[in-house]
Amino acid sequence: MLNFYVTFLYKKMRYLKLLPGLLVTVLLCGCGSPGEKRSEINIVIWHWMTDREPAFQELASRYFKKTKIKISFELYAPSDAYSQKVRAAAQGGTLPEIFGVLGEKRDFASFIKAGHILNLTSYMEKDNAKWRNSFFLNALAINEFFPDNVYGVEAGIYGVPIDIMTIQMLYNKDLFQKLGLNPEQPPVTFEEFLRIGEKIKTANLQGLVSGWGELWMIDCLANNYAFNIMGKDKVLATIRGEIPYTDPDWIKVFSLFKQMQEAGILVDGIVTMINKTAEQLFANEKAVFAFNGSWCVNVYKGMNPNLNYAAIPPPKVTDKYPMAIWGGAGSSFMVNARSKNKEEAVRFLQWLTQPEQQVYLAEATNNLPANKESLERICNKIPKVLEQFADDIDIATHPNIWGISEFSAVIEAFDKGIQSIIIGEKSPEQVAQEVQRIKERELAKIRK
Amino acid sequence: MKSAIYYKTKRITINLIIHLFLLTVAVSCLFPLLWMLSSSLKTQETIFKDMSIIPKEFHFENYYLAWKEGGFGRYFLNSVIYTVSVVIGIIVVASLAAYAFSRLSFPGKNLLFYIFMAAMMIPLPGSFVPLFVLMNKLHLRNTALGYILAMINVGLSTSIFLLKTFFDKMPKELEDAARIDGCSKLGIWWNVALPLAKPVLAVVVVFNALNVWNEYVLALIIFDSKALMPLQVALMNFHGEFITKYPLLMAGLTLTALPIIITYIFMQKYIIKGVTQGAIVG
Amino acid sequence: MKIKSILENYMFVLPALVIFAIFYIIPFVWVFQIGLFDWDGISPTRIFVGLNNFIEIFKEDKIWWQSMWQAGYITLIALTFQNALAFLLALACDREIRLKNFYRLIFFIPPILSEVVVGLVWQWILDGNYGLLNYWLRNLGLAHLARSWLSDPKTALTTVAIIHSWKGFGWGFLIFLAGLQTIPRELYEAARVDGADAWYIFRKITIPLMVPVGVLVAILTILGTMQAFVLIIAMTGGGPAYHTQVPVLRILASMRGSSRFGYACAQGITFGFILMIVSFIQYRFSKKFRQI
């Protein structure tokens with residue numbers, strides 16, 4: 001039967017002259033890279049941070065000069081595709097020596113339980129916990145599992161933070177002046193904040209911009225205020241299912257968004273705004289406030305080096321409990337537990353988080369180092385705003401260090417509900433009831 | 001009695017209305033292209049500040065930077081190889097199958113056709129996981145061949161559907177004549193059916209070329225080696241998690257759009273050629 | 001002899017079948033199987049839950065069905081507005097008209113453009129504060145119509161549908177044009193000699209000959225629109241609230257957001273079967289229509 005094709009191919013050869021050439025090219029391409037035998041050690045790192053790629057390459061070459069160990073940083077962007085690649089590689093058993101796990105703590109736990117991630121506790125604790133103590137506590141906590149955690153993971157530290165971040169409120173000082181406000185006296189209370197809304201409206205400016213089309217940015221601000229209004233314990237009790245979302249304190253949290261909308265402090269269309277659009281507006285001095293993370297310093301610098309702005313914690317609602325902001329480890333690396341080069345991989349990460357390398361990384365990419373000592377060293381060299389971001393690392397918290405996770409379905413209903421409140425579709429009470437209904441549904445599923 | 005002038009004015013009015021309609025749509029299509037071109041010549045600082053279509057300063061170096069920083073040279077060649085191989089593969093494989101579904105008879109024909117059609121409709125979430133594991137086992141992962149085969153599969157169903165519809169429309173007389181002349185089935189497919197189907201083949205070429213040219217997720221997942229990555233991967237590096245280098249991204253997007261536009265112009269010839277071939281009756 | 005002929009016929013579909021079996025059927029079986037499990041996509045253990053995922057979709061997941069209706073609405077607009085536009089433009093370009101080569105090129109720009117550019121440009125045009133559209137409306141004395149088009153729940157879905165149609169009509173245009181070009185000019189000539197007017201020719205020759213092409217474009221439009229999501233992410237991210245959610249976005253949310261691979265697979269299969277039924281009915285319906 002084969003000659004069915006073959007005879008035909010022979011007859012039509014004149015059309016197919018190109019084909020062999022093409023096949024050869026294809027095969028050559030296919031066989032080029034893998035399979036080369038290497039006696040020396042090669043540590044492969046998969047990452048997703050496009051803005052840090054040049055700095056990483058530089059560090060890799062420095063490490064090679066020092067140790068003759070080859071480090072290959074391999075960039076796979078965007079992070080969505082990166083995340084899928086890591087998952088697929090985990091299933092196929094082809095993970096590299098070092099990689100990052102993006103997502104919630106639950107996913108991190110699954111990777112550990114499946115045996116993909118090395119427990120770094122013993123390395124951290126060596127020499128009187130020298131390595132462990134070099135980090136900010138908050139940054140390390142994101143990669144830590146405490147004894148008897150709900151995820152069922154053996155207690156320990158499973159990842160190395162390479163930088164830290166916080167998410168705060170930003171205001172444009174020049175626009176403040178235009179509004180007749182003192183640029184050195186930003187709003188401290190929520191009421192002061194709302195009152196500025198009136199001024200913004202009459203001046204025909206825009207108020208707060210933020211990427212609230214991406215749900216997690218809403219989640220972040222809402223939780224900041226939840227901590228402020230009811231305190232950490234009550235927030236965690238809600239997640240455990242002991243306190244309903246219909247509690248007056250939670251309704252108060254939801255109502256804040258209604259108040260902001262009514263006060264005219266939110267930019268039109270904030271509910272579908274992606275963060276990059278928000279950054280664009282704030283950088284071009286079209287908005288007075290922005291709610292954004294410390295990475296923005298680098299972004300604004302690129303778009304408008306003369307932007308005159310400062311970072312503050314979100315204006316507080318009450319003095320009952322302290323205000324919290326989200327923050328902690330920006331990005332972390334994990335070591336593949338199944339790699340035969342894991343010892344070398346750990347050693348490289350130890351080197352990467354030493355002050356000297358951390359200072360280089362921070363300066364080259366305008367990020368905050370995870371290493372405490374290096375932050376002190378660069379304090380005078382980094383932009384003032386970045387320093388303000390760093391100052392509040394102590395009041396920073398993050399869902400990934402609470403030791404318990406809210407159901408994804410509840411988080412989605414919560415954030416989407418706040419969008420509904422902003423567009424005037426639902427009342428805070430309605431949203432609270434809906435969130436609680438989904439919470440109960442998910443709890444019932446677990447009990448089953 | 002309506003005068004000649006009446007008919008002339010009527011024709012002119014109709015033509016005017018048609019042109020007005022065409023122009024309005026054309027402007028809406030051209031505008032984003034012009035915006036992309038103009039943005040590719042601005043800087044990160046001016047891109048959203050100065051919204052005029054003609055930039056105050058022309059930063060042509062963006063193109064050079066995009067080409068160099070993105071490593072376009074290497075990726076460009078890869079993308080061309082993938083696109084050409086996949087398109088040729090699909091044209092051969094899909095037109096053979098579509099021809100059989102349209103003209104030949106064999107048991108299970110309809111069932112098979114419906115299975116192919118179903119494949120167009122059922123999205124497979126997370127199918128990258130089995131695909132990855134499978135290709136790993138077949139030693140096709142991290143190879144150009146594996147990627148090309150997987151991409152042929154992506155365009156296969158739609159192409160078969162498109163081609164079959166047009167084969168069904170074509171007259172059987174020419175094929176009968178060829179059969180009487182002693183032409184084999186494959187010979188008829190090649191000498192009669194394919195030339196007649198040129199307009200739709202051109203559509204299939206453009207459709208699949210655009211698909212492959214713009215693909216990057218599968219490439220990122222199955223390739224580890226940078227040397228194998230396609231062009232879109234370079235663009236993704238300008239469109240980072242936190243920082244988007246807008247002017248370079250726009251310059252890169254303009255550069256990547258060019259080959260597709262050229263392919264389209266080239267293929268258009270075949271879509272229009274149908275006119276002279278007059279032999280096709282629906 | 002007969003068997004040989006049948007085998008020969010099979011040879012035509014064999015290459016397609018082999019590729020299809022490896023790269024589609026195997027993942028399909030896997031996805032189908034995962035749809036019966038509770039699995040987060042990572043852990044080595046999967047919990048068998050039978051048809052529970054499917055039961056949840058049908059009984060509890062209201063947002064899934066809302067997204068289904070919304071995708072249906074976008075598809076309806078694409079089927080009518082987008083395809084009418086594509087057909088009219090193809091008709092115009094099929095005539096001996098000036099600049100037709102220019103138009104043929106221009107109309108294919110939207111499908112080529114990257115979603116990033118389309119998103120940026122349309123967001124700029126439709127923005128509530130600085131948008132061009134609102135600027136024009138205000139200048140025309142229609143200030144009361146000005147709004148932020150993509151985040152107002154009343155207009156978000158329709159706006160997205162129109163932009164989607166704008167981005168996609170080039171394909172319909174191309175296929176219609178290819179179809180129109182295969183109609184022999186002699187037919188038109190003969191009709192004209194017989195004294196038929198343009199409208200009569202259009203009704204009695206063009207339309208009947210274009211019905212199969214129309215069916216093809218319609219099915220491709222349904223598939224293309226129901227499965228579209230990149231543009232929606234670029235425009236609204238599925239918001240405000242759930243107003244521009246579509247099934248594919250829900251599947252992605254289950255898979256990436258909540259790490260529920262099993263549920264995502266079940267959603268994909270449910271979605272595929274609904275699409276299949278719709279397309280099948282349409283295909284059958286059009287076959288009958290053609291026979292009349």
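Numbering of residues starts from 1 in each chain and follows the order in which that chain's sequence is written. Ligands are numbered from 1 and chains lettered from A, in the order in which they are written. In keeping with the model being predicted, local features are shown solely for residues with a pLDDT of at least 70 and side-chain atom pairs are shown and tallied solely at 80 or more, while totals for entire chains, interfaces and linings include all residues.

Caption draft 1: Here's a closer look at the overall build of chain C. Tallying secondary structure elements over chain C gives 13 helices and 2 strands in all. Projecting the C-alpha coordinates of chain C onto the three principal axes gives extents of approximately 80 × 75 × 30 Å. Counting all 292 residues of chain C, 45% fall into the buried class. Only DSSP runs of H or I reaching four residues or more are called helices, and only runs of E reaching two or more are called strands; each is numbered from the N terminus. The exposure scheme places C-beta atoms from the backbone and then counts, for each residue, the other C-beta atoms within 10 Å of its own, assigning buried at 20 or more, exposed at 12 or fewer, and partly exposed in between.

Caption draft 2: Spatial organisation of the overall build of chain B. Counting its secondary structure elements, chain B contains 12 helices and 0 strands. Of the regular secondary structure in chain B, the N- to C-terminal order runs α-α-α-α-α-α-α-α-α-α-α-α. The C-alpha radius of gyration computed for chain B amounts to 24 Å, which surpasses the reference 19 Å derived for 282 residues by more than 25%, pointing to a less compact arrangement than a globule. Considered along the principal axes of its C-alpha atoms, chain B spans approximately 80 × 70 × 30 Å. For chain B, buried positions account for 50% of its 282 residues. Whether two residues are in contact depends on their C-beta atoms, placed from the backbone: they are in contact if these lie within 7 Å. Considering only contacts within chain B whose residues lie at least 6 apart along the sequence, 75% involve residues at least 24 apart. With C-alpha atoms as the basis for the radius of gyration, the globule rule is written as 2.2 Å multiplied by the number of residues raised to the power 0.38.

Caption draft 3: Quick look at the environment of Asn136 of chain B. You can see Asn136 of chain B is positioned in helix H5 (residues 128-137). Spatially, the C-alpha atom of Asn136 of chain B lies 37 Å from that of Ser105 of chain B, the residues being 31 residues apart in sequence. Filtering out sequence-adjacent residues up to four positions away, Asn136 of chain B remains in contact with Gly92 and Thr94 of chain A together with Arg141 of chain B.

Caption draft 4: Just the interface of chain B and chain C, in detail. At the junction of the two partners, chain B supplies 65 residues and chain C supplies 66 residues. Broken down by secondary-structure element, the contributors of at least two residues to the side of chain B that touches chain C are helix H1 (4-39), helix H3 (72-103), helix H4 (109-121), H5, helix H6 (144-169), helix H9 (198-213) and helix H12 (246-277) of chain B. Each residue is assigned to one class: nonpolar for Ala, Val, Leu, Ile, Met, Phe, Trp, Tyr, Cys and Pro, charged for Asp, Glu, Lys and Arg, and polar for all the others, Gly among them. Looking at the side of chain B that touches chain C, its residues break down into 51 nonpolar, 11 polar and 3 charged.

Caption draft 5: Quick look at the interface of chain A and chain B. Each partner contributes to the interface: chain A provides 37 residues, whereas chain B provides 33 residues. Considering every element that reaches the side of chain A that touches chain B, the biggest residue donor is helix H4 (residues 79-92) of chain A, with 8 residues. Residues of the side of chain A that touches chain B, tallied by class, amount to 16 nonpolar, 15 polar and 6 charged.

Caption draft 6: Up close: the nonpolar core. If you look at the biggest cluster of nonpolar residues, it comprises 307 residues, and the most contacted ones within it are Val209 of chain A, Ala97, Ile160, Leu163 and Val203 of chain B together with Phe176 of chain C. In this structure, this core is formed jointly by two domains, domain 1 (42-162 + 330-393) and domain 2 (166-326 + 407-447) of chain A, each of which donates at least three residues. What Val203 of chain B contacts, discounting residues up to four positions off in sequence, is Leu162 and Ile271 of chain B together with Leu174, Ile175 and Ala178 of chain C. Structurally, a nonpolar core is described as a collection of buried Ala, Val, Leu, Ile, Met, Phe, Trp, Tyr and Cys residues joined by way of C-beta atoms within 7 Å. Domain extents, as shown, originate in an automatic or database domain assignment.

Caption draft 7: The arrangement of the packing of H1 of chain B against helix H6 (residues 115-126) of chain C in detail. Helix axes are fitted to C-alpha atoms over the stretch in contact, other axes to C-alpha atoms as well, and angles between N-to-C directions run from 0 to 180 degrees. Close contact between H1 of chain B and H6 of chain C brings their axes to 10 Å; oriented N to C, the two are set at 105°. Considered as vectors, H1 of chain B and H6 of chain C are oriented roughly perpendicular to each other. Contacts from Pro32, Trp35 and Met36 of chain B of H1 of chain B reach H6 of chain C at Val117, Val118 and Val121 of chain C. Taken together, the residues that form the contact of H1 of chain B with H6 of chain C break down as 6 nonpolar, no polar and no charged. Note on terminology: angles under 35 degrees are roughly parallel, angles over 145 are roughly antiparallel, angles of 65 to 115 are roughly perpendicular, and the others are oblique.

Caption draft 8: Spatial organisation of the pairing of strand E2 (residues 70-75) of chain A. All names here are of chain A. By the alternation rule, side chains of E2 split into Ile71, Phe73 and Leu75, which are all buried, and Lys70, Ser72 and Glu74, of which none is buried. Summarising the sheet, strand E1 (residues 42-47) and E2 pair through 6 bridges and their orientation is parallel. In the strand pairing of E2, Val44 is matched with Ser72. Note on the crossover from E1 through helix H3 (residues 53-67) to E2: the handedness is right-handed. By this definition, two strands are paired if DSSP reports at least two bridges between them. Orienting the strands away from the viewer, one traces the path from the first strand over the helix to the second; a clockwise path indicates a right-handed crossover.

Caption draft 9: Spotlight on the pairing of strand E7 (residues 163-172) of chain A. Residue and element names in this part refer to chain A. Counted residue by residue, E7 has 10 buried out of 10 residues, so it is predominantly covered. Examined bridge by bridge, E7 and strand E13 (residues 368-369) share 2 bridges and lie antiparallel to one another. Looking at the pairing, Asp163 lines up with Pro369 of E13. Across 3 bridges, the pairing between E7 and strand E11 (residues 325-329) is antiparallel. When the bridges of E11 are listed, Thr166 appears paired with Gly327. Taken together, the 5 bridges between E7 and strand E9 (residues 287-293) define a ladder with antiparallel strand orientation. When the bridges of E9 are listed, Met169 appears paired with Phe291. One ladder, built from 4 bridges, connects E7 with strand E10 (residues 309-312); its direction is antiparallel. By the bridge assignment for E10, Leu170 is matched with Ala311.

Caption draft 10: The confidence of the model for chain B, seen in detail. When pLDDT is averaged along chain B, the result is 87, and 96% of the positions lie at 70 or above. Each residue carries a pLDDT value, the predictor's own confidence for that position, ranging from 0 to 100. Of the regions scoring below 50 in pLDDT, residues 274-282 of chain B engages in 20 contacts with residues more than four places distant in sequence or in other chains.

Caption draft 11: View of unusual backbone geometry. The linkage connecting Ala77 of chain A with the following residue, Pro78 of chain A, adopts the cis geometry, with an omega of 0°. Positionally, Pro78 of chain A belongs in the loop between E2 and H4. In this structure, Pro240 of chain C follows Gly239 of chain C across a cis peptide bond, with omega equal to 0°. With respect to the element layout, Pro240 of chain C can be found in the loop between helix H11 (230-235) and helix H12 (247-257). Residue His139 of chain B is not a glycine yet carries a positive backbone phi of 60°. Here His139 of chain B is to be found in the loop between H5 and H6. In this structure His139 of chain B comes out as exposed when scored by C-beta crowding, with 12 C-beta atoms within 10 Å.

Caption draft 12: Summary view of helix H11 (residues 231-238) of chain B. The buried count for H11 of chain B comes to 8 of 8 residues, which makes it a mostly enclosed element. Those residues of H11 of chain B that fall on the buried side of the exposure criterion are Leu231, Gln232, Val233, Ala234, Leu235, Met236, Asn237 and Phe238 of chain B.

Caption draft 13: Molecular detail of the packing of helix H11 (residues 248-262) of chain A against helix H18 (residues 408-422) of chain A. All names here are of chain A. Relative to each other, H11 and H18 sit at 35°, their axes nearing to 9 Å. The interaxial crossing formed by H11 with H18 has right-handed handedness. Touching Phe254, Phe257, Lys258 and Gln261 of H11 are Ile418, Ile421 and Ile422, all from H18. Handedness of a crossing follows from how the near helix is turned relative to the far one, being left-handed for an anticlockwise turn of less than a right angle and right-handed for a clockwise one.

Caption draft 14: The environment of Phe48 of chain C, seen in detail. All names here are of chain C. Summarising the element assignment, Phe48 is placed in strand E2 (residues 47-48). Sequence separation of Phe48 and Leu36 is 12 residues, and the distance between their C-alpha atoms is 6.2 Å. Look past the residues within four positions of Phe48 in its chain and what remains in contact with it is Leu36 and Phe37.

Caption draft 15: Quick peek at the confidence of the model for chain C. Per-chain confidence: chain C averages 88 in pLDDT, with 98% of residues scoring 70 or above. Mean pLDDT in chain C bottoms out at helix H13 (residues 261-291) of chain C, which sits at 84, and peaks at helix H3 (residues 62-94) of chain C, which reaches 93.

Caption draft 16: Looking closely at the environment of Ile418 of chain A. Residue and element names in this part refer to chain A. With respect to the helices and strands, Ile418 occurs in helix H18. Separated by 196 residues in sequence, Ile418 and Ala222 have C-alpha atoms that sit 8.8 Å apart. In contact with Ile418, other than residues within four places in its own chain, are Ile218, Ala222, Phe254 and Phe257.

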